[in-house]
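In case you want the letters, here they are:
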Amino acid sequence: ELVQSFQEELMIETKDRLHREGRIVKQITDASTLLTERLEQETSQRDAVVTELRQRITRNEEGRKDADLRFETLIEKELRALKADLEMEVMERKMEDDDIVEALNRYTDQLQSSLNVIS
C-alpha cells in the first residue's frame, strides 16, 4: 500500500509537472510568436522609413540638380553678356584710339603747315 501511495503521488506529480511544462511551453510559444510579430512589424516600419528617406534623398538630389542647372544657365548667360559688353568696349576703345590718332595726325599736319608758313 505504501508503494501504491508513492506511485499515485508520483503519477500526480508527473501529471502536475507535465501540466506545468505544457503551460511553460505555451508561454514560451506565445512570447516567441509575439516577439516575432513585433519584430516583423518593426522591420516593416523601418523598411517604410528607409524607403521614404530614399525617396526624399532622390527628390532632393533632383531638385539640387535642377537648381544647379538653372544656376549654370544663368551664369553662362551672364558670361555671354559680359563677353559681348567687353567686345563692344574693345571696339569702342579702338575707335576712340583711332579718333585720337587721327586728331593727332591733323594737329601734326596743321602744326607742320603753320611751321612751313612761318618759315
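Now for a description of the structure that goes with this document. The structure presented is a predicted model; accordingly, all values stated were derived computationally and were not measured.

### Remarks on the overall build of the protein
Within the protein, the secondary structure is distributed over one helix and zero strands. What you see for the protein is a C-alpha radius of gyration of 50 Å, clearly larger than the 14 Å of a compact globule of 119 residues, by over 25%. Over its C-alpha atoms, taken along the principal directions, the protein stretches across nearly 170 × 20 × 5 Å. Taken as a whole, the protein presents about 11,600 Å² of accessible surface, with 57% of it coming from carbon and sulfur.

### Overview of a nonpolar patch on the surface
Side chains of Phe71, Leu74, Ile75, Leu79 and Leu82 sit close together on the surface and give an oily, nonpolar patch of about 470 Å² of accessible area. Looking at the secondary structure, you find phenylalanine 71 in helix H1 (residues 2–118).

Rules used throughout
Residues numbered from 1 in each chain as written. Predicted model: local features only at pLDDT ≥ 70, side-chain atom pairs only at ≥ 80, totals over all residues. Heavy atoms only, no water. Helix = DSSP H or I, 4+ residues; strand = E, 2+ residues; numbered from the N terminus. Rg over C-alpha atoms; globule rule 2.2 N^0.38 Å. Areas by Shrake-Rupley, 256 points an atom, 1.4 Å probe, with all protein chains shown as cover. Patch = residues over 30% accessible without salt bridge, like charges linked within 9 Å, V, L, I, M, F, W, Y side chains within 5 Å. Salt bridge = Lys/Arg side-chain N within 4 Å of Asp/Glu carboxyl O.

All we've got here are geometric facts, nothing functional implied.
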